[in-house]
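Residue-level listing of the chains:
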Amino acid sequence: VVTSLAVMALATIAFYARRYGSGTLAARVALALILGGAVGNLIDRATLGFVVDFVDVHWRGWHFWAFNVADAAITVGAILLILDMLGAGRDVPQAV
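### Description of the packing of aromatic side chains
Then step 1. Tallied over the entire structure, the rule returns three aromatic pairs.
Then step 2. An angle of 50° between the planes, with centres 5.5 Å apart, marks the rings of W62 and F64 as tilted.
Then step 3. With a relative accessible area of 24%, F64 lands in the partly exposed category.
Then step 4. Among the aromatic side chains, those forming a connected cluster through ring pairs are W62, F64, W65 and F67.

### As for a nonpolar patch on the surface
Then step 1. On the surface, L48, F50, V52, F54 and V69 cluster together into a nonpolar patch covering about 490 Å² of accessible area.
Then step 2. Relative to the elements of secondary structure, V69 occurs in helix α3 (residues 69–85).
Then step 3. Owing to a relative accessible area of 55%, V69 belongs among the exposed residues under this scheme.

### Brief notes about the side chain of D44
Then step 1. Looking at the element boundaries, D44 is found in helix α2 (residues 25–48).
Then step 2. Although buried, D44 forms no salt bridge, and the nearest oppositely charged side chain, R45, lies 8.4 Å from it.
Then step 3. In contact with D44, not counting residues within four places along its chain, are G49, F50, V51 and V52.

Conventions we followed
- Residues numbered from 1 in each chain as written.
- Predicted model: local features only at pLDDT ≥ 70, side-chain atom pairs only at ≥ 80, totals over all residues.
- Heavy atoms only, no water.
- Phe/Tyr/Trp six-rings, centres within 6.5 Å; stacked < 30°, edge-to-face > 60°.
- Buried < 20%, exposed > 50% of the residue type's maximum accessible area, 1.4 Å probe, protein only.
- Patch = residues over 30% accessible without salt bridge, like charges linked within 9 Å, V, L, I, M, F, W, Y side chains within 5 Å.
- Areas by Shrake-Rupley, 256 points an atom, 1.4 Å probe, with all protein chains shown as cover.
- Salt bridge = Lys/Arg side-chain N within 4 Å of Asp/Glu carboxyl O.
- Helix = DSSP H or I, 4+ residues; strand = E, 2+ residues; numbered from the N terminus.
- Lys, Arg positive; Asp, Glu negative; His and termini not counted.
- Contact = heavy atoms within 4.5 Å.

Written as structure tokens, this is what we have:
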């Protein structure tokens, strides 16, 4: 069930990327990161039955949750896509 949902989400993201993602370089990079991360997690899930999280961060008494490179790519891509949609970096007035 989870693999089927992941495949449907991947197809939806690919459709969105093909239709709307060609506007800016940031959008293209963001969608590539999201798709790449989703494919990486899907490969793990299809071959192993689960996703391997191998980055486990500890700092002093604080423990961040475990993740993998694919998760990081999806997160960075999503943040970049949101910033691009909000227009970050566009139409910034130039000092004269």
